[in-house]
Amino acid sequence: MIDCPEHYNVSTILDHNLDAGRAGKVAIYCGEQQVTYQQLFEQVCAMGRALSALDVRRENRVLLLLDDSPTFPIAFFGAIRIGAVPVPVNPALKPADYRFFLEDSGARMVVADHTHVEAINHALEGRPQPATVILAGDTAPGTLSFADLLSEHTGELPPADTHRDDMAFW
């Protein structure tokens with residue numbers, strides 16, 4: 001059995017890899033793209049800072065509608081780093097399913113690949129509680145750019161002081 005410390009934030013697996021001297025090692029291979037542990041750490045911190053700037057707080061849900069790419073772990077660990085709760089959903093589902101996940105989780109923030117903007121807009125249509133949409137790739141009217149947010153919110157970010165029993169993700 002692994003003994004988990006009482007105060008633990010799973011995003012610190014990145015910190016541990018840096019401490020172990022792996023900063024320049026590749027953490028993610030995605031086609032021709034390679035992301036080192038250092039780059040991943042910096043982007044995760046930037047994502048956490050961007051979410052905080054957008055008023056995402058501890059225990060807030062962040063719906064993730066992302067394909068398999070470096071964007072997923074950046075958004076996932078960025079939310080966890082600030083104590084928010086990422087809610088990853090299958091990008092092959094229907095807009096009605098996304099609407100359900102939005103309502104069930106109470107997410108007011110959505111991070112999605114630009115290819116899913118139509119489905120997200122459909123899911124948000126007529127919803128009484130608005131949601132902020134961050135798109136990776138091309139942006140659309142009323143959305144924020146994932147890349148712009150990361151470049152605007154650089155800098156190290158200490159992990160939230162979360163408890164081992166806190167919700168990490170849905």
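**Notes on the side chain of Arg61**
Among the secondary structure elements, Arg61 is positioned in strand S3 (residues 61–65). No salt bridge is formed by the buried Arg61. Its closest oppositely charged neighbour is Glu59, at 5.3 Å. Of note is the side chain of Arg61, whose polar atom sits 2.4 Å from the backbone oxygen of Glu59. Every residue in contact with Arg61, bar those within four places of it in the chain, is listed here: Val85, Val87, Ser105, Ala107, Arg108, Met109 and Trp170.

**A closer look at the sheet that holds strand S4 (residues 85–88)**
The five strands lie next to each other as S4-S3-S5-S6-S7, forming an open sheet whose pairing is parallel. Of all the strands in the sheet, the pair left with one neighbour each is S4 and strand S7 (144–145). Taken strand by strand, helix H4 (residues 95–105) contacts S3, S4 and strand S5 (109–113), and its axis lies near 165° from that of S3.

**Examining the environment of Arg61**
A relative accessible area of 19% means that Arg61 is categorised as buried. Placed 47 residues apart in sequence, Arg61 and Arg108 show a C-alpha to C-alpha distance of 7.1 Å.

**Topic: the nonpolar core**
If you look at the biggest cluster of nonpolar residues, it comprises 33 residues, and the most contacted ones within it are Met47, Leu51, Val62, Val111, Ile134 and Phe146. Secondary-structure elements contributing two or more residues to this core are helix H1 (12–19), helix H2 (37–53), S3, helix H3 (71–81), S5, strand S6 (132–136) and helix H6 (146–152). In terms of residue count, the dominant contributor to this core is H2 (nine residues). Ignoring any residue separated from it by four or fewer positions in sequence, one finds Leu51 in contact with Val56, Gly78, Ala79, Ile82, Met109 and Ile134.

**Focus on the environment of Gly78**
Relative to the helices and strands, Gly78 resides in helix H3. Sequence-distant contacts of Gly78, that is, excluding residues within four places in its chain, are made with Val44, Met47, Gly48, Leu51 and Pro73.

**Brief notes about the pattern of salt bridges**
A complete count under the given rule lists three salt bridges for this structure. Of the charged contacts in the structure, one is a salt bridge between Asp15 and Arg81, with a shortest N-O distance of 2.9 Å. Of this pair, Asp15 sits in helix H1 while Arg81 sits in helix H3, and the two are 66 residues apart along the sequence. Assigned by exposure class, Asp15 and Arg81 land together as buried. Between Arg99 and Glu103 there is a salt bridge, and its shortest N-O distance comes to 2.7 Å. Residue Arg99 and its partner Glu103 are both found in helix H4; the two are separated by four residues, about one turn of the helix.

Rules behind the numbers
- Residues numbered from 1 in each chain as written.
- Predicted model: local features only at pLDDT ≥ 70, side-chain atom pairs only at ≥ 80, totals over all residues.
- Heavy atoms only, no water.
- Helix = DSSP H or I, 4+ residues; strand = E, 2+ residues; numbered from the N terminus.
- Buried < 20%, exposed > 50% of the residue type's maximum accessible area, 1.4 Å probe, protein only.
- Lys, Arg positive; Asp, Glu negative; His and termini not counted.
- Salt bridge = Lys/Arg side-chain N within 4 Å of Asp/Glu carboxyl O.
- Polar contact = N/O pair within 3.5 Å; in protein donor to acceptor, adjacent residues only side chain to side chain.
- Contact = heavy atoms within 4.5 Å.
- Pairing = 2+ DSSP bridges.
- Axes fitted to C-alpha atoms, helices over the stretch in contact; angles between N-to-C directions.
- Core = buried A, V, L, I, M, F, W, Y, C linked by side-chain atoms within 4.5 Å.

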